[in-house]
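Notes for the structure review
Spelled out from the first residue to the last, the chains are:
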Amino acid sequence: METTIPKSAPEKLASLGKTGGDRPPFCALTAYDYPVARLLDEADIDLILVGDSLGMVVLGHDDTTEVTVEMMIHHTVACRRGVHRAPLVADLPYRSYESPSEAVKNARLLVGAGADAVKLEGGEAILPQVEALLSDGIAVIGHVGMLPQHVKEEGGYSKKGKTEEGAARLLAAALALEEAGVAAIVLESMVHEVAEKITAAVGVPTIGIGAGPGCDGQILVVHDLLGAFPWFRPSFATARADLAGETGRAVREYIAAVRGGRT
Ligand code: KIV
């Protein structure tokens, strides 16, 4: 009987690969709890991110800066129980990787909670942290472009790479992360041609969100895909379901049934 040897986390990440030839882009989504993580895994998703976007879409904060390592552990453990196939990545939250040793200490906690890799935001400024994580045997995904953890300093969410200088900075950051040894790089909210240029320039897969179709893979916040957070959805995200509407309908139907003595 043929036995399949399960892939290690770095192998799973490496197999995401660059798009090209007959290789289609890969698909990633966020998850924050057991049922959604399990449903995504069973639906054959290529990568699951326990994103610190949970601060907004699960916990109701205005941005991701309130998210703590403890919260990330709590949600990563829950997702881990439901994921047996796709690589599971967890975000290192805001201010949890101020130094290389702090990054390693907190990333070990996320790996202990079940993450196959961690993601952190930034370019050259966080290279010592990225290098320390990799030396510790922890797989890393980079994140450049719009950095949600810096939304307060930046005064809002805005598309990156609009000037030649800005585009060059993004490319330099991505090349530096690749050189350091990251497994993949998220490109968030940037001019599409810039994302395409970065994708062509780096040897590791890029994962776009609001960065156009020229990336090796795409990622979305699962609530945006499912129409589960009706109060805000970024313009680039297409909702392919209306969970908020369905929830309201089912709840109203239940209320009417109970109040009408029909249960
Ligand atoms: O936290 C998150 O959901 C993310 C994605 C937007 C890439 O970092």
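Below is a summary of the structure that appears in this document. (Residues numbered from 1 in each chain as written. Predicted model: local features only at pLDDT ≥ 70, side-chain atom pairs only at ≥ 80, totals over all residues. Heavy atoms only, no water.)

**Description of the environment of Gln 218**
Looking at the secondary structure, you find Gln 218 in strand S8 (residues 217-220). Counting along the chain gives 171 residues from Gln 218 to Leu 47, while the straight-line C-alpha distance between them is 9.9 Å. Ignoring anything within four residues of it in the chain, the contact list for Gln 218 reads Phe 26, Cys 27, Ala 28, Ile 207, Gly 208, Gly 212 and Pro 213. For Gln 218, the side chain forms a polar contact with the main-chain oxygen of Gly 212, separated by 2.9 Å. (Helix = DSSP H or I, 4+ residues; strand = E, 2+ residues; numbered from the N terminus. Contact = heavy atoms within 4.5 Å. Polar contact = N/O pair within 3.5 Å; in protein donor to acceptor, adjacent residues only side chain to side chain.)

**Here we look at the pattern of salt bridges**
Taken as a whole and assessed by the stated rule, the structure comprises 13 salt bridges. Note that Arg 85 and Asp 44 form a salt bridge whose closest N and O atoms lie 3.4 Å from each other. One end of the pair, Arg 85, is in the loop between helix H4 (69-82) and strand S3 (88-91); the other, Asp 44, is in the loop between helix H2 (34-42) and strand S2 (47-50), and 41 residues separate them in sequence. Taking the shortest distance from any N to any O, the salt bridge between Glu 154 and Lys 160 comes out at 2.6 Å. The exposure class of Glu 154 is partly exposed, given its relative accessible area of 37%. (Salt bridge = Lys/Arg side-chain N within 4 Å of Asp/Glu carboxyl O. Buried < 20%, exposed > 50% of the residue type's maximum accessible area, 1.4 Å probe, protein only.)

**A few points about the site of the ligand**
In the vicinity of the ligand, the contacting residues are Thr 30, Leu 49, Gly 51, Asp 52, Ser 53, Asp 91, Lys 119, His 143, Glu 188, Ile 209, Ile 219 and Val 221. The separation between an oxygen atom of the ligand and a polar side-chain atom of Asp 52 is 3.0 Å. For the ligand, an oxygen atom lies 2.8 Å from a polar atom in the side chain of Lys 119. The protein chains hide 95% of the 250 Å² of surface that the ligand would expose on its own. Among the residues forming the shell around the ligand, the class breakdown is four nonpolar, four polar and four charged. (Near = heavy atom within 4 Å. Areas by Shrake-Rupley, 256 points an atom, 1.4 Å probe, with all protein chains shown as cover. Nonpolar A, V, L, I, M, F, W, Y, C, P; charged D, E, K, R; others polar.)

**Re unusual backbone geometry**
For Asp 44, which is not a glycine, the phi torsion comes out positive at approximately 80 degrees. On the accessibility criterion, Asp 44 (54% relative accessible area) is exposed. The phi torsion at Arg 95 lies on the positive side, around 60 degrees, for a residue other than glycine. Here Arg 95 lies in the loop between S3 and helix H5 (100-112). Among the residues examined, Arg 95 registers a relative accessible area of 53% and is labelled exposed.

**Focus: the environment of Val 104**
Residue placement: Val 104 occurs in helix H5. By relative accessible area, which is 12% here, Val 104 ends up buried. Taking the C-alpha atoms as reference points, Val 104 and Ile 138, separated by 34 residues in sequence, lie 8.3 Å from one another. With residues up to four places along the chain from it excluded, the contact list for Val 104 reads Ala 132, Leu 133, Asp 136 and Ile 138.

**Describing helix H6 (residues 127-135)**
Within the sequence span of H6, burial applies to Leu 127, Gln 129, Val 130 and Leu 133. An end-on view of H6 places all buried positions within 160 degrees of arc, on one side of the element. Here the buried face of H6 lies against H5, strand S4 (117-119), strand S5 (139-145) and helix H8 (164-180). Downstream of H6 by one or two residues, Gly 137 has phi in the positive range, about 85 degrees. (Arc of directions from axis to C-beta.)

**Overview of a nonpolar patch on the surface**
Together, Val 251, Tyr 254, Ile 255 and Val 258 make up an exposed nonpolar region whose accessible area comes to about 350 Å². Relative to the helices and strands, Val 258 resides in helix H11 (residues 243-259). Since its relative accessible area comes to 41%, Val 258 is described here as partly exposed. (Patch = residues over 30% accessible without salt bridge, like charges linked within 9 Å, V, L, I, M, F, W, Y side chains within 5 Å.)

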